[in-house]
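Okay, here's what each chain looks like letter by letter:
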Amino acid sequence: EMAGDQADDPGPLISLGDILRGKERFTEAVEAYDQAFGRIKALEPRHWTLLYARGIALERSKQWPRAEADFLSALKFKPDQPYVLNYLGYTWIDKGLYLDRAQAMIGKAANLRPNDGYVIDSLGWGHFMLGNFKKAVVELERAVELRPQDPIINSHLGDAYWRVGRKREATFQWNRSLSLDPEEDLISEINRKLKSGLGDITETAKKTPNDG
């Protein structure tokens with residue numbers, strides 16, 4: 001109603017987008033953010049937060065090309081913003097894209113937020129994807145200490161343990177992750193790993209020729 005009453009003000013639509021994103025209604029959040037952007041005549045550095053918020057909603061609603069563009073735009077305004085660096089870097093790594101660049105971004109974020117378990121998890125997962133499994137164990141153990149109740153971080157540590165030959169500890173971490181109420185897709189993945197392990201090491205996706 002406020003958005004209708006204040007036709008030129010993006011604020012109510014931004015608030016609506018934030019509420020919908022918090023309720024994990026990501027597609028609807030994107031629509032609200034899009035309408036808010038439509039009321040902004042020219043983007044300014046202060047709008048990095050809106051780009052970041054819409055980027056998250058876009059990524060979670062499986063609209064990655066648009067999400068990536070928003071994160072990159074946010075970094076143009078705030079090149080040292082640790083949470084944007086971490087979110088984009090982690091997603092690139094998880095997709096097997098721009099691995100070296102992504103790891104450098106996450107390293108910068110970790111230097112800025114050394115006690116943030118999510119950032120340290122990203123750093124460890126980057127090492128894992130790059131094949132640096134011993135370094136991955138070190139960082140992921142630290143991430144679990146910082147965020148012991150996170151199922152994804154515990155699962156990541158299990159993967160790293162498996163790759164360095166600590167298979168009993170890997171199984172423990174995967175079972176612990178299952179006890180922490182993970183989402184359905186993670187439950188399926190962990191059950192597969194508990195049954196068959198990680199198998200042989202396969203080559204991670206190489207960076208694309210255009211490094212963004």
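Heads up: the structure comes first, above all this text.
In this text the structure is predicted, and so the values were computed from the model without any measurement.

Peer 1: Is there a simple way to explain the overall build of the protein in this structure?
Peer 2: Summing up its helical and strand segments, the protein has 12 helices and 0 strands in all. Shown N-terminal to C-terminal, the secondary structure of the protein runs as helices and strands in the order α-α-α-α-α-α-α-α-α-α-α-α. Seen through its C-alpha atoms, the protein measures out along the principal axes to roughly 60 × 35 × 30 Å. Buried residues in the protein amount to 47% of all 212 residues. Partitioning the contacts of the protein with sequence separation of at least 6, the portion at a separation of at least 24 is 50%. Per element, the accessible surface of the protein, about 11600 Å² overall, is 50% carbon and sulfur.

Peer 1: Is there a simple way to think about the pattern of salt bridges in this case?
Peer 2: Two side chains bearing opposite charge may form a pair once their charged atoms approach each other closely. Here the structure, examined in full by the defined rule, presents 13 salt bridges. Of the charged contacts in the structure, one is a salt bridge between Glu28 and Arg25, with a shortest N-O distance of 2.8 Å. Judged by relative accessible area, Glu28 falls into the partly exposed class, the value being 34%. With a shortest N-O distance of 2.8 Å, Glu169 and Arg166 are connected by a salt bridge. A residue is classified by how much of its surface remains accessible, and Arg166, at 30% relative accessible area, is partly exposed. Three or more residues are tied together by salt bridges with common partners; here these are Asp34, Arg54, Arg66 and Asp70.

Peer 1: What am I meant to see in the packing of helix α10 (residues 151-163) against helix α12 (residues 184-196) here?
Peer 2: Axes are the key here: two packed helices are described by the angle between their axes and the distance separating the axes. One can describe the packing of α10 onto α12 by two numbers: an axis separation of 12 Å at closest approach and a directional angle of 25°. When the interaxial angle is binned, α10 and α12 end up roughly parallel. For α10 against α12, the interelement crossing comes out left-handed. Every residue of α12 that contacts α10 at Pro151, Ile152, Ser155 and Asp159 is listed here: Leu186, Ile190 and Lys193. Tallied by class, residues from the contact of α10 with α12 come to 4 nonpolar, 1 polar and 2 charged.

Rules used throughout
- Residues numbered from 1 in each chain as written.
- Predicted model: local features only at pLDDT ≥ 70, side-chain atom pairs only at ≥ 80, totals over all residues.
- Heavy atoms only, no water.
- Helix = DSSP H or I, 4+ residues; strand = E, 2+ residues; numbered from the N terminus.
- Buried < 20%, exposed > 50% of the residue type's maximum accessible area, 1.4 Å probe, protein only.
- Contact = heavy atoms within 4.5 Å.
- Areas by Shrake-Rupley, 256 points an atom, 1.4 Å probe, with all protein chains shown as cover.
- Salt bridge = Lys/Arg side-chain N within 4 Å of Asp/Glu carboxyl O.
- Axes fitted to C-alpha atoms, helices over the stretch in contact; angles between N-to-C directions.
- Parallel < 35°, antiparallel > 145°, perpendicular 65-115°, else oblique.
- Left-handed = near helix turned anticlockwise from the far one by under 90°.
- Nonpolar A, V, L, I, M, F, W, Y, C, P; charged D, E, K, R; others polar.

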